[in-house]
Structures are given as structure tokens and as C-alpha cells.
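Now for the letters of each chain:
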Amino acid sequence: MSIVRKRLGMITPSSNSVLEPVTSAMLAGVADVSAHFSRFRVTEIALDAAALNQFDASVMLPAADLLADAKVDAIAWNGTSASWLGIGRDRSLCEAITVRTGVPATTSTLACIDAARALGAKRVGLVSPYTDDVQRRIGHVWAEEGIAPHAERHLGLRDNFSFGEVAPATIAGMIRAVAADGADAVVILCTNLDGAALAASLERELNVAVVDSVAVTLWRTLELAGGDAGALADWGRIFQTSTVIKSWRLL
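These notes cover the structure that comes with them. The shown structure was predicted, so the numbers you read here are calculated from the model rather than taken from an experiment. (Residues numbered from 1 in each chain as written. Predicted model: local features only at pLDDT ≥ 70, side-chain atom pairs only at ≥ 80, totals over all residues. Heavy atoms only, no water.)

## Quick notes on the pattern of salt bridges
Piece 1. Applying the stated rule across the entire model yields ten salt bridges.
Piece 2. Salt-bridge contacts for Arg158 lead to Asp48; the nearest nitrogen and oxygen are separated by 2.5 Å. Of the two residues, Arg158 sits in the loop between strand 6 (151-154) and helix 8 (160-163) while Asp48 sits in the loop between strand 2 (33-40) and helix 2 (49-53), which places them 110 residues apart along the sequence.
Piece 3. Glu145 serves as the salt-bridge partner of Arg91, at 2.9 Å between the closest nitrogen and oxygen. Residue Arg91 is located in helix 5 (residues 87-101), and its partner Glu145 is located in the loop between helix 7 (132-144) and strand 6; the two are separated by 54 residues in the primary sequence.
Piece 4. Overlapping salt bridges, with partners in common, bring together Glu44, Asp48 and Arg158 in one network. (Salt bridge = Lys/Arg side-chain N within 4 Å of Asp/Glu carboxyl O. Helix = DSSP H or I, 4+ residues; strand = E, 2+ residues; numbered from the N terminus.)

## Describing the sheet that holds strand 2
Strand-to-strand pairing in sheets goes through backbone hydrogen bonds, with the strands running parallel or antiparallel.
Piece 1. An order of 2-1-3-4 is seen for the four strands of this open sheet, with the pairing classed as parallel. Of all the strands in the sheet, just strand 2 and strand 4 (105-107) have a single pairing partner and so form its edges. Sheet twist, expressed as the mean angle between neighbouring strand axes with direction ignored, is 25°.
Piece 2. Inspection of the sheet shows strand 1 (residues 6-13) paired to strand 2 by eight bridges, in the parallel sense. In the strand pairing of strand 2, Leu8 is matched with Ala35.
Piece 3. Those strands touched by helix 3 (residues 57-68) are strand 1, strand 2 and strand 3 (74-77), and its axis lies near 145° from that of strand 2.
Piece 4. Along the sheet face, helix 5 touches strand 1, strand 3 and strand 4 and points at about 150° away from the line of strand 4. (Pairing = 2+ DSSP bridges. Axes fitted to C-alpha atoms, helices over the stretch in contact; angles between N-to-C directions. Contact = heavy atoms within 4.5 Å.)

## As for helix 7
Piece 1. Taking 1.5 Å per residue, 13 residues should reach 18 Å; helix 7 reaches 19 Å between its end C-alpha atoms and fits that length.
Piece 2. Restricting attention to buried positions, one finds in helix 7 the residues Val134, Gln135, Ile138, Gly139, Val141 and Trp142.
Piece 3. Those residues of helix 7 that are buried lie in contact with helix 4 (82-85), helix 5, helix 6 (108-118), strand 5 (124-128), strand 6 and strand 7 (185-188).
Piece 4. Downstream of helix 7 by a residue or two, Gly146 has a phi angle that is positive, lying close to 85°. (Expected span 1.5 Å × (residues − 1). Buried < 20%, exposed > 50% of the residue type's maximum accessible area, 1.4 Å probe, protein only.)

## Concerning unusual backbone geometry
Piece 1. Its identity as a non-glycine residue notwithstanding, Asp32 has a phi of 60°, on the positive side.
Piece 2. Phi is positive for Asn207, close to 55°, though the residue is something other than glycine.
Piece 3. Looking at where Asn207 falls in the secondary structure, it is placed in the loop between helix 10 (199-206) and strand 8 (209-212).
Piece 4. On the basis of relative accessibility, which here comes to 62%, the residue Asn207 falls in the exposed class.

## Some remarks on the packing of aromatic side chains
Piece 1. For the structure on display, the rule yields six aromatic pairs.
Piece 2. Between Phe40 and Phe55, the ring centres sit 6.4 Å apart and the planes meet at 80°, which makes this aromatic pair edge-to-face. Residue Phe40 is located in strand 2, and its partner Phe55 is located in the loop between helix 2 and helix 3; the two are separated by 15 residues in the primary sequence. By the burial criterion, Phe40 is buried, and Phe55 matches it. (Phe/Tyr/Trp six-rings, centres within 6.5 Å; stacked < 30°, edge-to-face > 60°.)

## Thoughts on the environment of Ala76
Piece 1. In this structure, Ala76 sits in strand 3.
Piece 2. The buried category is assigned to Ala76, whose relative accessible area is 0%.
Piece 3. Sequence-distant contacts of Ala76, that is, excluding residues within four places in its chain, are made with Gly9, Met10, Ile11, Thr106, Thr217 and Thr221.

In C-alpha cells form, the structure reads like this:
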């Protein structure tokens, strides 16, 4: 008898050094779930044409095709680009992935928004490594979804590889700062920031939800694949709220 395994496909920015090891670490104790990765080139985050064109669907869809060859049960674009490009970009991408592969799809940005709603967050704080102009654009895009950031902190970085070199202590300091500003949920908005392991302890310390982009992408992708997100409850509150998002989607 063959093992019934849930295979999760992750489309990954080429210069990201965080999401693969973190996702694998999170799944290390979860039976019969595996993550599989397919890369395309992303080297910087900015608002000029060259940087924005990195995320054209024509270069992302071939990565989804390769994941489909592994017969994955769900596919995620494990990146947050729609947070400054516009949420419609991710919705269109997910539709295109499913049409091409027959596999349900999500993205990190859509998962973050789903999580904020599932948690009932009223005052979301955004923590990112991005530049001033990118962070401002993110605020506008999220506000269009009805989630205007209550507080934010960012690092002013552009080089995508450099995001993965940010110390967890720096990330924790930004989370504490937006929590002190009154946020009732904090989103670590970048899949190349090493923040997933901070979430559960900071939730206990600050009494706010902490939503890490890598963790929440795994949460939503596992749910799409029909897996049990509760198996990851030790990684934060969001993994105890998967039934809430199902209810919300039925409204």
C-alpha cells in the first residue's frame, strides 16, 4: 500500500535563503507532509520597472508547471510581491496556476490577509525589510483590502539576499515596537525574514498575534491540500484558526 502524502509546492524567489529551511523545519515533526520548491529569479525589491518585472506571470508559471510534475496537492507563490503590485495580481496568478495545472493555489500575501481576517485583527502592524517607498505602497494596497496598517516598521533594504541576513533579534525588536504602538496583530511581511520561530514566544510575551509570512503560507497551503494545520500549533496562534478561515470564506 502506498503512503498517502500531502505534497506542498512552493514557488520560491531565487535569492531567498530563509523560506526553504524554515518550511522544512516546521514540517520536520509532521507525518506524511512534504514541501517541494521551484525557483525563479528575484534579486531586489523596489518600484522601478526592472524590479517590478521580476514578478511577471510569464516567468512564474513555468515554476508552477515544474511543481505540478511532482503531483503536489497545492501550490503557493511563497512571496509577498502583490502587497505592492496589487492584490489582483496574486488572484490572477492563482487562477492561472489552477487552470494550467489543476492544482489549487495561494500566495503569501493572500495568506497574510486571510490570516488577519481569520484572527479578527483590528489594528495590524506591518514589519518588513523594505524601502520607504515600497512600505508606503504596501500600506495603500493593504488599505484597499480593508486592512489599513495601524503601525509599521521597516529596514530600508532593497537587496533581497540581504533580507535573509537580518538577525532575529532585529525582527523581534520591530515586532515589539509595533505592538507597543497598539497593534493587536503583527505581520512579518517578507518570506526572506527569519521570523517564524519568534512568533509563539512573542505572542505569549506581548499578547498579540504574530503572523510570519513563511509560516502563514505553509498554513494556507496545507489547508488547501486538505492537511491538518493544527499539527503545527506550537508555531503560533494562526495554526489554531484554520476552521475560522473556512467559515469566513463561506460568507
